[in-house]
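Chain and residue survey
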Amino acid sequence: MAATPIQATAGLSASGGQANYRFALTALTSLFFMWGFITCLNDILIPYLKMLFDLSYTQAMLIQFCFFGAYFIVSVPAGILVSKIGYKAGIVTGLLIAGAGCLLFVPAASAHVYAMFLLALFVLASGITILQVAANPYVSVLGKAETASSRLTMTQAFNSLGTTVAPFFGAWLIFGGMDAPEPGVVTESTVQLPYLILAAALVVLAIAFALLKLPAMGKKDPTEALPLGGEAWKQRHLMLGALGIFVYVGAEVGIGSFLVSYLSMAEIGGMSKAAASHYIAWYFGGAMVGRFIGAVVMQKVNAGKVLAFNAVCAVLLLALTILSSGKLAMWSLLLVGLCNSIMFPTIFSLAISGLKQYTSQGSGILCLAIVGGAILPLLQGVFADSFGVQIAFILPLLCYIYIAFYGLNGCKPREIAAQAAVAKEAL
């Protein structure tokens, strides 16, 4: 839900506007880093709580179900809230709610109740959702419209930096050199300390943003971009793109969620879970590097073809990790992160292409599709309990097959496909 160019510049003087934009963008990059950092910590928390409460893989995946389920439940209310209070106030609100979610880890650890951890994660994710709803369009309108994509790509790079750094922080504080906690016995400070640090950081950021003089933007008609009905739902390439976002987020989150458990298996990496936690950085670091490479490649190569190429590579790597063992299986899975790099922004941009006045509604539909990160990892957990962790990677493999189809065919708007068919008949 972005402001129009007229709304975007209304709060700035002609002399100080661009300087204020640069300052605001610098401040916003910290938010992208923070929510990437927090999201990636789940991949460390999953194996820890699985051992702590002696959970099945399906039960452990409820962590991602609660976290990404918040995106689906909170996205529309968050959009309405931000449209009423503006981007800056929305950011402050999101930071405070996320901080409250982090603080809930303290009573959750003290009570030794898994359900309380899930509640804390839901509250934390609700705050992150409000942050995303406010910060993404804020970045888009802070400057010239023709450079909006480059600004968002730059800030997304800081998001990837957060996901790359988080595994080292999480492995150090959550595992603290200990391979496995005893089931049913909680070392309270082990779980509490990292989230207390995060809560303090989020509150400090909220205070800082409340005091900063940022451009006043974002207030608008709260019904203008609601993704609840209308013409956008009739656009084939948008709906297929929404499914693409659903399966992509589900595949990316599912792989990350199982990495520690998979790499610590004797026939794969044969390492402790604390050591395996560090390798998550390779998975998300590959995505960060690939994002820069992809940005250059897609200036000369069709985005749909690049998407299909990356998806096919991911399929081959996952087939290799399913059929092999040892270092080959380990590194083939980690390299999928490199393939993931351009997928989300590319699917997103292809899906909203040509929507014109329905672009905002289309964006809302795509944001709701992030719920794939809640549903598919849970289903992968069911597969892991039934057939084993290695075989369960067949689910993300199927997801990437669909993404390859979307890049080659599904991303074409109906009108464009019809025009191509007419031209072919004329020949």
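First, a word on scope: everything that follows refers to the structure included in this document.

Scoring rules and cut-offs
Residues numbered from 1 in each chain as written. Predicted model: local features only at pLDDT ≥ 70, side-chain atom pairs only at ≥ 80, totals over all residues. Heavy atoms only, no water. Helix = DSSP H or I, 4+ residues; strand = E, 2+ residues; numbered from the N terminus. Buried < 20%, exposed > 50% of the residue type's maximum accessible area, 1.4 Å probe, protein only. Contact = heavy atoms within 4.5 Å. Areas by Shrake-Rupley, 256 points an atom, 1.4 Å probe, with all protein chains shown as cover. Patch = residues over 30% accessible without salt bridge, like charges linked within 9 Å, V, L, I, M, F, W, Y side chains within 5 Å. Salt bridge = Lys/Arg side-chain N within 4 Å of Asp/Glu carboxyl O. Lys, Arg positive; Asp, Glu negative; His and termini not counted. Axes fitted to C-alpha atoms, helices over the stretch in contact; angles between N-to-C directions. Parallel < 35°, antiparallel > 145°, perpendicular 65-115°, else oblique. Left-handed = near helix turned anticlockwise from the far one by under 90°. Nonpolar A, V, L, I, M, F, W, Y, C, P; charged D, E, K, R; others polar. Core = buried A, V, L, I, M, F, W, Y, C linked by side-chain atoms within 4.5 Å. Disulfide = S-S within 2.5 Å. Phe/Tyr/Trp six-rings, centres within 6.5 Å; stacked < 30°, edge-to-face > 60°. Lys NZ or Arg CZ within 6 Å of the ring centre and 35° of its normal.

Looking now at the overall build of the protein. Along its length, the protein carries 21 helices and 0 strands. The buried share of the protein, taken over its 427 residues, is 56%. A separation of at least 24 residues holds for 84% of the contacts in the protein among residues at least 6 apart in sequence. About 17,400 Å² of surface is accessible on the protein, with carbon and sulfur atoms providing 70% of the total.

There is a patch of nonpolar side chains on the surface, built from Val289, Ile293, Val297, Val301, Leu335 and Leu338 and spanning about 450 Å² of accessible area. Ranked by residue count, the leading element in the nonpolar patch is helix H12 (residues 280-297), at 3 residues. Within the secondary structure layout, isoleucine 293 lies in helix H12. We classify isoleucine 293 as partly exposed; its relative accessible area is 47%.

Let's shift gears to the side chain of glutamate 252. Along the chain, glutamate 252 falls in helix H10 (residues 236-263). Salt bridges are absent for the buried glutamate 252, whose nearest opposite-charge side chain, arginine 291, sits at 6.1 Å. Beyond its immediate chain neighbours, meaning those up to four positions away, glutamate 252 contacts Tyr283, Phe284, Asn340 and Tyr400.

Here H10 crosses helix H18 (residues 372-387) at 50°, and the two axes come no closer than 7 Å. Judged by the inter-axis angle, H10 sits oblique to H18. Crossing of H10 against H18: the hand is right-handed. Residues Phe246, Val247, Val249, Gly250, Val253, Gly254, Ile255 and Phe258 of H10 touch H18, and the partners they reach there are Gly372, Gly373, Ile375, Leu376, Pro377, Gln380, Gly381 and Ala384. For the contact of H10 with H18, a count of residues per class yields 10 nonpolar, 6 polar and no charged.

For the rest of this paragraph, the subject is the nonpolar core. Leu31, Phe209 and Tyr400 are the most contacted members of the largest nonpolar core, which totals 137 residues. In terms of residue count, helix H2 (residues 17-52) provides more of this core than any other element does, 19 residues in total. Setting aside its immediate chain neighbours within four residues, leucine 31 contacts Ile91, Leu95, Leu131, Ala135, Leu205 and Phe209.

For the structure shown, the criterion picks out 0 disulfides. You can see cysteine 313 has no disulfide; the closest cysteine sulfur is in cysteine 339, sitting 5.1 Å from it.

What follows concerns helix H14 (residues 326-334). Because the α-helix completes a turn every 3.6 residues, residues three or four places apart line up on one side. Taken as a whole, H14 has its buried residues at Gly326, Ala329, Met330, Ser332, Leu333 and Leu334. Looking at the buried residues of H14, the elements they touch are H10, H12, helix H13 (303-323) and helix H15 (336-340).

Counted under the stated rule, the structure contains 19 aromatic pairs. Consider the rings of tyrosine 57 and phenylalanine 258, whose centres lie 5.5 Å apart with planes at 35°: the pair is tilted. Separated by 201 residues along the polypeptide, tyrosine 57 in helix H3 (residues 57-60) and phenylalanine 258 in helix H10 bring together distant segments of the chain. There is no split in this pair, since tyrosine 57 and phenylalanine 258 are both buried. Look at phenylalanine 67 and phenylalanine 68: their rings are 5.4 Å apart centre to centre, the planes differ by 65°, and that puts the pair in the edge-to-face class. Comparing phenylalanine 67 with phenylalanine 68, the two get one shared label, buried. When the ring centre of tyrosine 57 is taken as reference, the NZ or CZ atom of lysine 50 above it lies at 4.3 Å.

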